[in-house]
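# Understanding the architecture of this molecule
Next come the chains, spelled out residue by residue.
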Amino acid sequence: MADSSARADNTARADSSARADSSARADSTGQPDSSGRADVGGRADIGGRADIAALVTEFYRRAFADPRLGHVFVDVARLDLPAHLPVICDFWQAVIFRAGTYRRNAFGVHADLHSRVPLTPELFARWLELWTTTVDELHSGPHADRAKLQAHRIAASMGRRLAEAPTAPGTPAPASTRAATATVATAVTTAVTAPGRHRRPSEPG
């Protein structure tokens, strides 16, 4: 019960932070905050900082409650989403809109976490599956496709690099980098080519 209350409180505060962050930094890259034309399902493309903040907040609400990912984010990483939401939004704003908003070492953060709990190919696949589902339910368009395509690339790249990084104590190292890379690639591909998923989303120029 305590864990559930903490996760709910974290998400509620993140909702408030998302609104504040969106208002404060809406024009930081000159991208419009209003989404473009909606598709037949009523989903508009990702239009700017406000949409990214709402997307990230919803994704982490689901991730915190996820049976496989929740433990990593809440108990091990102890992610304070309201505090880190602006940084996470900076990252995805840079990824989706090619904005110069992120200057940190994303791999270093994950390598440190990997030294405490193994970030397995299955966890990366679940992260990708949850991100793709959240994007698909909220948005449709070239920017949404780029958010999914880049997430696919990030998961594969992180998996390859972490195969050579120190693992959590007591965790056996992969047999080889090549084998670990193949496992990550298989798990990631399974996540994005499941029924109803886009096989290869287009990337805007």
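Counting of residues starts from 1 at the beginning of each chain's written sequence and follows it residue by residue. Local features in this predicted model are restricted to residues of pLDDT 70 or higher, and side-chain atom pairs are both shown and tallied only at a pLDDT of 80 or more, whereas totals for entire chains, interfaces and linings draw on every residue. To obtain the side-chain values, all non-hydrogen atoms of the structure were included, while hydrogens and water were left out.

### Topic: the overall build of the protein
To qualify as a helix, a DSSP run of H or I must reach at least 4 residues; to qualify as a strand, a run of E must reach at least 2; elements of each kind are numbered from the N terminus. A count of helices and strands for the protein gives eight helices and zero strands. Listed N to C, the secondary structure of the protein is α-α-α-α-α-α-α-α in terms of helices and strands. Pairs at least 24 residues apart make up 74% of the contacts formed inside the protein by residues separated by at least 6 positions. For the protein, the exposed surface amounts to about 10400 Å²; the carbon and sulfur share of it is 54%. Contacts: residue pairs with any heavy atoms within 4.5 Å of one another. In short, Shrake-Rupley with a 1.4 Å probe defines the accessible areas, and a residue's cover is counted only from the protein chains shown.

### A few points about the nonpolar core
Residues enter a nonpolar core if they are buried and are Ala, Val, Leu, Ile, Met, Phe, Trp, Tyr or Cys, with the set joined through side-chain atoms within 4.5 Å. Per-residue accessibility, obtained with a 1.4 Å probe over protein chains only, is compared with the maximum for each type, and a residue is labelled buried under 20%, exposed over 50%, and partly exposed between these values. Among the nonpolar cores identified, the biggest contains 42 residues, and Tyr60, Trp92, Trp127 and Trp131 are the most heavily contacted of them. Those elements that place two or more of their residues in this core are α2 (49–65), α3 (70–76), α4 (81–97), α5 (106–114), α6 (121–138) and α7 (142–162). When residues in this core are grouped by element, the largest group, nine residues, is from α4.

### Some points on α2
Take the number of residues in a helix, subtract one, and multiply by 1.5 Å to get its expected span. Over its 17 residues, α2 runs 25 Å from end to end, which matches the ideal 24 Å to within 8%, given 1.5 Å per residue. For α2, the buried fraction is high: 13 of the 17 residues fall into the buried class.

### Notes on the layout of surface pockets
In this model, the largest pocket occupies a volume close to 800 Å³. Looking at the largest pocket, it is lined by 27 residues, and the ones nearest its centre are Tyr60, Phe73, Leu79, Val109 and His110. Going through the elements one at a time, α3, α4, α5, α6 and α7 are the ones with two or more residues in the lining of the largest pocket. Residues belonging to the lining of the largest pocket are distributed by class as follows: 20 nonpolar, two polar and five charged. Buriedness for pockets is judged along seven lines, at least five of which must meet protein on both sides within 12 Å for an open set on the 1 Å grid over protein atoms alone, while cavities are sets there where a 1.4 Å probe fits but cannot get out, and lining residues have an atom within 4 Å of a point. Grid points are joined across faces, edges and corners, and a volume is the space filled by probe spheres set on the points. Charged residues are taken to be Asp, Glu, Lys and Arg, nonpolar residues to be Ala, Val, Leu, Ile, Met, Phe, Trp, Tyr, Cys and Pro, and polar residues to be all remaining types, Gly included.

### Digging into the confidence of the model for the protein
Averaged over all residues, the pLDDT of the protein equals 74, while 62% of them reach at least 70. Every residue gets a pLDDT, meaning the predictor's confidence in that residue, from 0 to 100. By mean pLDDT, the top-scoring element of the protein is α2 (96), and the lowest-scoring one is helix α8 (residues 177–192) (48). Segment residues 22–35 is flagged for pLDDT under 50; beyond a separation of four residues in sequence, or across chains, it makes 28 contacts in the model. Throughout residues 187–205 the model reports pLDDT below 50, and contacts reaching past four residues in sequence, or to other chains, amount to 39 contacts.

### Some words on the pattern of salt bridges
Every case where a carboxyl oxygen of Asp or Glu lies within 4 Å of a side-chain nitrogen of Lys or Arg is listed as a salt bridge. If you walk through the whole model with that rule in mind, you get eight salt bridges. Between Asp90 and Arg49 there is a salt bridge whose closest N-O contact spans 2.8 Å. Residue Asp90 is found in helix α4, and its partner Arg49 is found in helix α2; the two are separated by 41 residues along the sequence. Relative accessible area serves as the criterion here: at 11%, Asp90 is assigned to the buried category. Overall, the relative accessible area of 1% leaves Arg49 in the buried class. Glu137 is the salt-bridge partner of Arg62, the closest N and O atoms lying 2.7 Å from each other. Taken together, the residues span a long stretch of sequence, with Arg62 in helix α2 and Glu137 in helix α6 at a distance of 75 residues. Since its relative accessible area comes to 48%, Glu137 is described here as partly exposed. Taken together, the shared-partner salt bridges in this structure form one network comprising Glu58, Arg61, Arg62 and Glu137.

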